[in-house]
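Architecture at a glance
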Amino acid sequence: MRFDVIVIGAGHAGCEAAHASARMGLHTAMVTPSIGSVARMSCNPAVGGIAKGHLVREIDALGGLMGRVTDEAGIQFRLLNRSRGPAVRAPRAQADKALYHRVMLRELRALPGLELVEGMVADLLLAAGEARGVLLADGRRVEARCVVATTGTFLRGLIHIGRESFPAGRLGEAPSIDLAVRLEQLGFGIGRLKTGTPPRLRRDTIDFGRFEPQHGDADPVPFSFGTERLDREQVPCHIAWTNERTHAVIRARLADSPLYGGCITGVGPRYCPSIEDKVVRFADRARHQIFIEPEGRQTDEIYLNGISTSLPREAQRELIDSIDGLSGAEIVRPGYAIEYDFVHPTELKPTLETWRIDRLYLAGQIDGTTGYEEAGALGIMAGINAALKVRGEEPLILGRHEAYTAVLVDDLVRLGTSEPYRMFTSRAEHRLLLDIDSADARLTPHGWRIGLVSAEAYERFLSRYDRVERALAWLGAASRRLARPDVRFDDIEADAGPAPVRLSDRDKSLIEGRIKYSGYVSQARRELDRLALDAGRRIPEGLDFAGIPGLSAEIVEKLARLRPATLGQAARISGVTPAAVAILRVHTHKGNRAKRRHPADPGQ
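Residues numbered from 1 in each chain as written. Predicted model: local features only at pLDDT ≥ 70, side-chain atom pairs only at ≥ 80, totals over all residues. Heavy atoms only, no water.

**Some words on the overall build of the protein chain**
Along its length, the protein chain carries 19 helices and 21 strands. The C-alpha atoms of the protein chain give a radius of gyration of 25 Å, which matches the 25 Å a tight globule of 604 residues would have. In terms of overall dimensions, the protein chain has a C-alpha envelope of 75 × 65 × 55 Å along the principal axes. Across the 604 residues in the protein chain, those meeting the buried criterion constitute 56%. In the protein chain, 73% of the contacts between residues at least 6 apart in sequence involve partners at least 24 apart. Side-chain charges in the protein chain split into 83 positive and 78 negative, and the spacing between the mean points of these groups amounts to 4 Å. (Helix = DSSP H or I, 4+ residues; strand = E, 2+ residues; numbered from the N terminus. Rg over C-alpha atoms; globule rule 2.2 N^0.38 Å. Buried < 20%, exposed > 50% of the residue type's maximum accessible area, 1.4 Å probe, protein only. Contact = heavy atoms within 4.5 Å. Lys, Arg positive; Asp, Glu negative; His and termini not counted. Charge placed at Lys NZ, Arg CZ, Asp CG, Glu CD.)

**Here's the deal with the sheet that holds strand S9 (residues 141–143)**
Spatially, the three strands line up as an open sheet ordered S7-S8-S9, and their pairing is antiparallel. Only two strands of the sheet have a single partner each, and these edge strands are strand S7 (121–127) and S9. Across the sheet, the mean angle from the axis of one strand to that of its neighbour is 30°, orientation sign disregarded. Inspection of the sheet shows strand S8 (residues 130–136) paired to S9 by three bridges, in the antiparallel sense. In the sheet register, Val-134 faces S9, and the bridge partner there is Val-142. (Pairing = 2+ DSSP bridges. Axes fitted to C-alpha atoms, helices over the stretch in contact; angles between N-to-C directions.)

**Here's the deal with the state of the cysteines**
This model, assessed by the stated rule, comprises zero disulfides. Unpaired in this structure, Cys-237 has its nearest cysteine sulfur neighbour in Cys-43, at a distance of 14 Å. (Disulfide = S-S within 2.5 Å.)

**Focus: the packing of aromatic side chains**
Taken as a whole and judged by the stated rule, the model has five aromatic pairs. Taken together, the ring pairs in this structure connect Trp-448, Tyr-458, Phe-461 and Tyr-465 into an aromatic cluster. Over the ring of Trp-241 we find Arg-287; its NZ or CZ atom is 3.6 Å from the centre of that ring. Above the face of the Phe-188 ring, Arg-356 is positioned so that its terminal group lies 5.9 Å from the ring centre. (Phe/Tyr/Trp six-rings, centres within 6.5 Å; stacked < 30°, edge-to-face > 60°. Lys NZ or Arg CZ within 6 Å of the ring centre and 35° of its normal.)

**As for the packing of helix H9 (residues 372–391) against helix H10 (residues 404–415)**
In contact at an axis separation of 10 Å, H9 and H10 are set at 85° when each is read in the N-to-C sense. Taken together, H9 and H10 sit at an angle that is classed as roughly perpendicular. Each of Glu-374, Ala-377, Leu-378 and Met-381 in H9 lies in contact with H10, whose residues at this interface are Thr-405, Leu-408, Val-409 and Leu-412. The residue inventory of the contact of H9 with H10, partitioned by class, reads six nonpolar, one polar and one charged. (Parallel < 35°, antiparallel > 145°, perpendicular 65-115°, else oblique. Nonpolar A, V, L, I, M, F, W, Y, C, P; charged D, E, K, R; others polar.)

Now the structure itself:
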């Protein structure tokens, strides 16, 4: 079998990579051990959230799938931070996991240039330092001009439930051992990460009357720019809490936890700790929040968001029984921890192609990330660049001022990661320019140029901004009134009559954001221009970062360890804020001026 591009894996990164490659006209194969596992939501069946929702909007703006599949499969939608500024508002949806799989599979099968191949990849086919295809475990050779590996948690995956451990990529699925060994033999820097999942309970054994309900928004906001409205009955989630009895159960069984018994060597996600970690690290907390979330409309399984655990099965039974409203609830599947290999992302170019092997791209958890959204964003970029490579065109490398996706890629390939990387708005120094409503303005022209955005979607994009510009011209002097925080676009229309064009709620949100935050955005653009000028300004060697007032201990530690040579390099360090760069700019200017006043003796 011969293809232009092979994608290894059919998770969220693999689906976006394969879709992008095929949509761009390349004959593409997506290789997966089971077509039934395509786009499986193996952890929480939810999409979006702060910063993660931004990534999904960007995937959609580029022409990807995750946003529109979520809109079709979602069962509850909420816009987070609705009362705050547009830069930090983000959509989140609870999805029907079975429907999500079916919709994604339907979309992929509808692509004429994409073939789904069932099989386990055992080896890479290499020649002259390039990836030329894959060898399947059953002996089949699948040749290609580029390979994209999106292996998720399958590389030497090892599941832990108490002191019970067994190889698996997910519960009930075989790991990928041969490919992991091959990557190590090729000299790639390999690390070990860990993630986990909570127990699932049977719906009709839970006393939901004991919990506070959490409903979706009355006016749900879609993910995809192509979704006009979401008009369906939403399913409620519920909020529960652990208690002192729960914590006592956990403390009593810590010796049996693989996390504390020395069985697990992989590093887990700092911002999504297990319940064991929470009880140990936050010993002063009397309770921890749990979100009780349905996994679909038709399934009986309920997800307990907030109590990821790898305690023994009987300890998980005690843990569940200790929580009001869950006592006696049936555990359908136990929680577990999973360790897996990843490739240090500094092995990758900004295109996500590896430095060691030409035409081999890596995306998703193999790059050291965590989350469906991060995986999808990396997948679409890897698929795009693999397709462009085959077409002999220049790669697509986004700037950090253009997209959270660019921040994600840049952080990984330049700085690497020692823990599962999760996107936050605080990681983006230009986040005022990266709101969810403007993702299409920033990225759809890129998607259209490379052939990923359809003609219909591009026409919709042009029509939208024509409407917005006409509405802005119509507002005129009323813009000053709309700039007030208590005035909405609908208030202007109530007084002056309807706008001359039909505007969606999303159009109105974009217009309001432009006007209300125009001063902040203008300042952010000036700062961006200044940073471009400052990027090459050198930081004096030996500068004592600890002696600079205003820098946090965390930023001082990162600067001292990484020793950036220029302000541009300092600005790209994850966690170094624009305010910190501004402080550095002042001290850099002082240091360089002092050097000019006291030049070194050339004779020394």
